[in-house]
Structures are given as C-alpha cells and as structure tokens.
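Spelled out, the chains give:
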Number of protein chains: 2
Amino acid sequence: MVSTSPRGCLCTVTPGLYWPVTRCDVKPEAVSTNKEKILKAASDLLLEKGIDGLSVRAIAAAAGLSTIAIYSHFDGKQGVLDALYMEGFALVQSAVESVAGVEDPRVAVLQGARNYLALAIEREGHYRLVFGETGSSYAPTEVAQQAARDAFAALVSGVARLLPPSASLATQQRAALKLWALLHGYVSLRHHVIGGAMEDRQWQAMAIDAFAESVDQLLAAH
Amino acid sequence: MVSTSPRGCLCTVTPGLYWPVTRCDVKPEAVSTNKEKILKAASDLLLEKGIDGLSVRAIAAAAGLSTIAIYSHFDGKQGVLDALYMEGFALVQSAVESVAGVEDPRVAVLQGARNYLALAIEREGHYRLVFGETGSSYAPTEVAQQAARDAFAALVSGVARLLPPSASLATQQRAALKLWALLHGYVSLRHHVIGGAMEDRQWQAMAIDAFAESVDQLLAAH
DNA sequence: TTCCTATACATAACGGTGTTATAGATAAAA
DNA sequence: TTTTATCTATAACACCGTTATGTATAGGAA
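Starting from 1, residues in each chain are numbered consecutively following that chain's sequence as written. The naming scheme follows written order: chains are lettered A onward, ligands numbered 1 onward. Local features in this predicted model are restricted to residues of pLDDT 70 or higher, and side-chain atom pairs are both shown and tallied only at a pLDDT of 80 or more, whereas totals for entire chains, interfaces and linings draw on every residue. Side-chain numbers here rest on the full set of heavy atoms in the structure, without hydrogens or water.

A. Structural detail: the overall build of chain A. Numbering of helices and strands runs from the N terminus, with a helix taken as a DSSP run of H or I at least four residues long and a strand as a DSSP run of E at least two residues long. Within chain A, the secondary structure is distributed over nine helices and three strands. Exposure classes here rest on a 1.4 Å probe applied to the protein chains alone. A residue is buried below 20% of its type maximum, exposed above 50%, and partly exposed in between. Burial analysis of chain A (222 residues in total) assigns 49% to the buried set. Any two residues having at least one pair of non-hydrogen atoms within 4.5 Å are treated as being in contact. Long-range pairs, those at least 24 residues apart, make up 62% of the contacts in chain A with a sequence separation of at least 6. To be clear on the numbers: accessible area is Shrake-Rupley with a 1.4 Å probe, and residue cover counts the displayed protein chains and nothing else. Split by element, the accessible area of chain A, about 10500 Å² in all, is 54% carbon and sulfur.

B. How the structure looks around the protein's contact with DNA strand C. Near is defined per residue: the residue qualifies when any heavy atom it owns lies within 4 Å of the molecule or strand. If you check the shell around DNA strand C, you find 17 residues, and the closest are A:Asn34, A:Ser66, A:His73, B:Val56 and B:Lys77. Counting only atoms of DNA strand C within 4 Å of the protein, the sugar-phosphate share comes to 48%. Here a phosphate oxygen of DNA strand C sits 2.4 Å away from a polar atom, N or O, in the side chain of A:Ser66. B:Tyr71 is positioned with one of its side-chain polar atoms (N or O) 3.2 Å from a phosphate oxygen of DNA strand C. Elements supplying a minimum of two residues to the surface near DNA strand C: helix 3 (68-74) of chain A together with helix 2 (56-62) and helix 3 (68-74) of chain B. Among the elements that take part in the surface near DNA strand C, helix 3 of chain A stands out by supplying three residues, more than any other. The definition of a polar contact used here is a pair of N or O atoms within 3.5 Å, where within protein one atom must be able to donate a hydrogen and the other to accept one, and adjacent residues in sequence count solely through side-chain atom pairs.

C. Representation of the pattern of salt bridges within the structure. Salt bridge, as used here: a side-chain nitrogen of Lys or Arg that lies within 4 Å of a carboxyl oxygen of Asp or Glu. Summed over the entire model, instances satisfying the criterion amount to 14 salt bridges over all chains. Between A:Glu142 and A:Arg149 there is a salt bridge, with its nearest N and O atoms 2.6 Å apart.

D. Summary view of the protein's contact with DNA strand D. Taken together, 16 residues lie around DNA strand D, and A:Arg57, A:Lys77, B:Asn34, B:Ser66 and B:His73 are the ones closest in. When atoms of DNA strand D within 4 Å of the protein are sorted by moiety, sugar and phosphate together comprise 47%. Interatomic distance of 3.2 Å between a side-chain N/O atom of A:Tyr71 and a phosphate oxygen of DNA strand D. The side chain of B:His73 places a nitrogen or oxygen atom 2.5 Å from a phosphate oxygen of DNA strand D.

E. Seen up close, the side chain of B:Gln172. Examined against the element boundaries, B:Gln172 turns out to sit in helix 8 (residues 169-192). Beyond its immediate chain neighbours, meaning those up to four positions away, B:Gln172 contacts B:Val156, B:Val159, B:Ala160, B:Leu163 and B:Ala167.

F. Layout of the relation of the copies chain A and chain B. Least-squares superposition of the copies uses the C-alpha atoms of those residues scoring a pLDDT of at least 70 in each of them. Laying chain A over chain B is done by rotating through 180 degrees and shifting 0.0 Å along the axis; what remains is an RMSD of 0.0 Å. The transformation relating the two chain copies, once decomposed into turn and shift, fits a two-fold axis. Both copies present the same face, since 100% of the interface residues in chain A are matched by interface residues at the equivalent positions in chain B.

G. Local environment of the packing of aromatic side chains. Residues and elements named next belong to chain B. The aromatic pairing rule takes the rings of Phe, Tyr and Trp, using the six-membered ring of Trp, and pairs them if the centres are within 6.5 Å, calling planes under 30 degrees apart stacked, those over 60 edge-to-face and the rest tilted. Applying the stated rule across the entire model yields twelve aromatic pairs over all chains. Each ring, one from Tyr85 and one from Tyr138, has its centre 6.4 Å from the other, and the planes form 65 degrees; the classification is edge-to-face. Of the two residues, Tyr85 sits in helix 4 (residues 77-97) while Tyr138 sits in the loop between helix 6 (124-130) and helix 7 (142-160), which places them 53 residues apart along the sequence. Like Tyr138, Tyr85 is buried. Taking 5.8 Å as the distance between ring centres and 80 degrees as the angle between the ring planes, the aromatic pair formed by Tyr116 and Tyr127 counts as edge-to-face. One end of the pair, Tyr116, is in helix 5 (residues 105-122); the other, Tyr127, is in helix 6, with eleven residues separating them in the sequence. Taking relative accessible area as the criterion, Tyr116 reaches 3% and is therefore assigned buried.

H. Region of interest: the interface of chain A and chain B. Residue-level contacts link 33 residues of chain A with 33 residues of chain B. Buried area: the sum, over both parts, of the accessible surface (1.4 Å probe) that disappears when the two are put together. For the pairing of chain A and chain B, the buried interface totals around 2900 Å² over both sides, and the portion due to carbon and sulfur atoms is 67%. The largest per-residue losses of area from chain A upon contact with chain B belong to A:Lys178, A:Leu189 and A:Val193, which jointly make up 18% of the total buried on that side. One can count two salt bridges joining chain A with chain B. Across the pair B:Glu213 and A:Lys178 runs a salt bridge, and its minimum N-O distance is 2.8 Å.

I. Quick look at the environment of B:Lys49. All names here are of chain B. With respect to the helices and strands, Lys49 occurs in helix 1 (residues 34-49). Judged by relative accessible area, which is 58%, Lys49 ranks as exposed. Taking the C-alpha atoms as reference, Lys49 lies 7.8 Å from Gly125; in sequence the two are 76 residues apart.

J. Representation of the packing of helix 5 (residues 105-122) of chain A against helix 8 (residues 169-192) of chain A within the structure. Residues and elements named next belong to chain A. Orientation of helix 5 relative to helix 8, taken along the N-to-C sense of each, is 30 degrees, at an axis distance of 11 Å. On the basis of the axis angle, helix 5 is roughly parallel to helix 8. For the crossing formed where helix 5 meets helix 8, the hand is right-handed. Residues Ala113, Tyr116, Leu117 and Ala120 of helix 5 form the contact with helix 8, whose participating residues are Trp180, Leu183, His184 and Val187. Residue polarity is assigned by list, with Asp, Glu, Lys and Arg as charged and Ala, Val, Leu, Ile, Met, Phe, Trp, Tyr, Cys and Pro as nonpolar; anything else, Gly included, falls into the polar class. Classifying every residue of the contact of helix 5 with helix 8 by side-chain character gives seven nonpolar, one polar and no charged. As a rule, the C-alpha atoms of each element are fitted with a line to give its axis, helices using only the stretch in contact, and angles between N-to-C directions run from 0 to 180 degrees. Under this scheme an angle from 65 to 115 degrees is roughly perpendicular, one under 35 degrees roughly parallel, and one over 145 degrees roughly antiparallel; angles in between are oblique. Two helices cross in a left-handed way if the nearer one is turned anticlockwise from the farther one by less than a right angle. They cross in a right-handed way if the turn is clockwise.

K. Spatial organisation of the environment of B:Ala147. Residues and elements named next belong to chain B. Turning to its location among the elements, Ala147 is positioned in helix 7. Owing to a relative accessible area of 14%, Ala147 belongs among the buried residues under this scheme. Ala147 sits 54 residues away from Gln93 along the chain, and the two C-alpha atoms are 8.7 Å apart. Those residues in contact with Ala147, other than ones at most four positions away along the chain, are Met86 and Phe89.

L. Structural detail: helix 7 (residues 142-160) of chain A. With 19 residues, helix 7 of chain A extends 26 Å from end C-alpha to end C-alpha; this agrees with the ideal 27 Å at 1.5 Å per step. Taken as a whole, helix 7 of chain A has its buried residues at A:Ala144, A:Ala147, A:Ala148, A:Ala151, A:Phe152, A:Ala154, A:Leu155, A:Val156, A:Val159 and A:Ala160. By definition here, a helix of n residues has an expected span of 1.5 Å times n minus one.

M. Geometry of the packing of helix 1 of chain B against helix 4 of chain B. Residues and elements named next belong to chain B. Across the interface, helix 1 lies against helix 4 with an axial gap of 10 Å and an inter-helix angle of 65 degrees. In terms of their interaxial angle, helix 1 and helix 4 are classed as roughly perpendicular. Handedness of the crossing formed by helix 1 with helix 4: right-handed. Residues Ile38, Leu39, Ala42, Ser43 and Leu46 of helix 1 lie in contact with helix 4, whose contacting residues are Val80, Ala83, Leu84 and Glu87.

Given below as structure tokens:
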C-alpha cells in the first residue's frame, strides 16, 4: 500500500503490522502517521489488557487522538479489529515460517509447533482476538481473512515437507488442517474448558507430544 | 437445589437445564418459575439469534419480565451466561454419553464424535458461548466450570474403552484430551479461520477422518 | 492568488449495553 | 398486626460504538 502523508512524501506502509515499517521515499526521518499511532496503541492495549482494553475511547486516548480518528482512518472499530486480526495471523505465519532454515522436516515442523504454542501465550490477546473472543459482533472482512489463508498456506508448505513430493495439494492441506486443528484445540481447550491451572510448560509438552504422534503417523502413512 | 415457590410447594429444580424439570412435591400442576422462564428465554434466544441476541433487555422481554428479574434470579447477566455455559456442556456430555449402548468401543467413540460435531452445528450458539465468544468480559464461575469437567470426565470414560483396563487415569485423560482437542480444533478453525464456506457434511467427514486416524493410532499403540 | 474539494480532526450527542437506585408489592414468620 | 425477606417495575447511571456538527488543513483547479 502506498499513501501520501500530509508532508507530501511517498510512504510505503505494510498494513497490519504495528512496528514502524513506514518507508518514506522522500524524507527518511518521517514520523509516524496517526493511522500508525492508532494501530500501535491498539496493539499495545491488546498485549497489556487483552480484548477488554480495546474500546474506541481507550485506543484513541492511547494514541493521543480523539475517537473520530478511529472512524477517519479505520472506518470505525471494525477496521482496527481487522488490522489486529491481520497482525495476529502475520504472527502465526511468522512462527511457522521461521523454521525454514531447519533441514530435517520433522524437526522443523515440531519447532514450528513450539513456536505456535509459545505465540499463543506471548500474544494471548492477539490469539484470542483471531479466534473470535471479541464478542460475536465482530467478523473479519474478506481482506482480513486473506491473512488467515496466507498463514494456512505457510503451514501447508511446512507440512508438505513431511509428505512425498507426489502428494497432492489437497492431501497437504488435509494434513496441515489436522495438525493445526490439534494444536489450536489444545490452546482453546485450555482457555475455555480444562487445564487452565496447568503450568505453561506442562501443557505445551502435552500438546507437543500429541502433535508429534500425529506427525509420526503422517510420516508412517507415506 | 430446593427452593420454595410463591405458592408454597417444594420444588426441585435442576440448574442449567431449560426444559421443565421443576418437580413440585405438593402441586404437580405447578407452572414455570420466573427463573425458568428467564433461562428458557435465554436459551431460545441463543438458539435463534446467537450470542448477540443475549442482551439483558432482550432476555427479560422474552421472559415477559423486566430486567430486574435477571438480577434477582441470576445475579445479573453473568448468572444467565453461567447457566447457559452449563447447558452447553450438558449437551456435550449428553452427546458423548448417548453412545453408551454401543458395544464396539471404536464404533462408539466415532459415533460420539459425530454427535459432537452435529451438536456444534445444531447448537452453534451454545457451542460458541462455551468457547469464549461472548466477549472476554465473561468468564465462567467455578460452579459452571464443573460442568466442563463433568463433560470431560464423560469423554474420558468413553475413550477409556479404547484402552486396556490397565491404562492409568492420566493416560486415559491424555488420550481424551487429544481427541477432544482435535475435534474442537476442526470446529473452531471453521468458525474463525478457514473452511467456513465448506459444506457441513464435507467438513464433518474431514474431521471424522482425522479423528478416526487418531483413534486408530491409539488402538495400535495399545 | 483565490476558491473549491477532500480529508482529517475535536466535541457533543445519540442509541444501545449491563447495572444500580428507588419505591412498591407480596408472602411468610414472629 | 408488624417485621422481614424476596421479588418486581421503572428510571437513571456509566460505559460502549457510532453519528452529527463544525472547524482546520492541504491539494488541486480556475
């Protein structure tokens, strides 16, 4: 996305990311735009206070602006939530792709799973937002959903390494979906149903054990 | 729970269930209490409109009462949500236990999984409520969480049939947790991430296939 | 240079939410 | 009969997301 800032420089802004990735072609010293301030404020609030912290007034105040800016730049709270949703999946994608340099496919996939589970803890707010805990009035836009599909595609690529090169895309996707379902299931059950009192490490170990069993089953089947 | 109604009869009320289970020891013709009316109204709204339909005013109106009754009988919206949460897990438990008459353990467990997936569709509102989509300001009370534990216990009992009698409780629980995580993972991913456009049957078939693979892995390991 | 248009912004008000405050009604117990 | 406990209706409160109103600013056109 390319936008023009009030100072006339041509800025390249990567949507959905809150760290400063604004590249000004004309003035390398350009400061944050208000849109970026808002998104950073929202992302920080999500990290510190969870989804409850994300009122329009709180985000605006944290960005040093009034609420109208949320409507101006993001078309309302939905736009902020969409941006955070995309951030969430960008984090997922990053966790999955960060193992690209690992040679052994099984080791890589297991490490990706560990990254994923760690992310679910370290970025709990983003995780819960992505999985619908904003309250059911929020549903991601089509654009935002693309981030989910991108993350899934990254997962499929990673899992494909466990399969023979002849495996069809559908097979890869089915395998990736199963592994994702399993991992996410552990996270979600712990959030809502059972195991909430368990130590992080213990829960992660349990999830990884189960995940490894499924990975090994996949390897044995091919 | 035993309570006295305005008409002086001694009523046995099972909490968390919305169908009339009020048993009046004195007057068999007793009508619903207001508390039951409220819970039924909430449950119906949840079924018809989802979580968004559950405002205090909407529930009160559907029960033919004013909002103060919600605070009187349920101590506020939290109490209603707790009751619905318990209903949700009672439904899960029922889905799992309804296969008790099936002789073959594998067939029984697979049927239980099918029941579970069907429940996730037919009682989507309850399902989403149980898994946190009320908005993050709701967290179930300790009493309500017991319903989740009861459902898990039922699941453990069902899965235990796949294991040798010598299997420890921890082993049974680990197996049950894995299978539940997998099933729920499929439901949740479809709600929030991917596959939302897929036909119910196709998605269920995919989930059951994956589930069956894990069941078979479990059987093969013992 | 001036005027017009588009965008961004501050502030107040609106309609909705869950909840509390106030007052009244009723049944049971003392 | 009086007191107590419980239930109830209604209005008001504080907060929410959003809209309405008016102002400021930058860029483009005449």
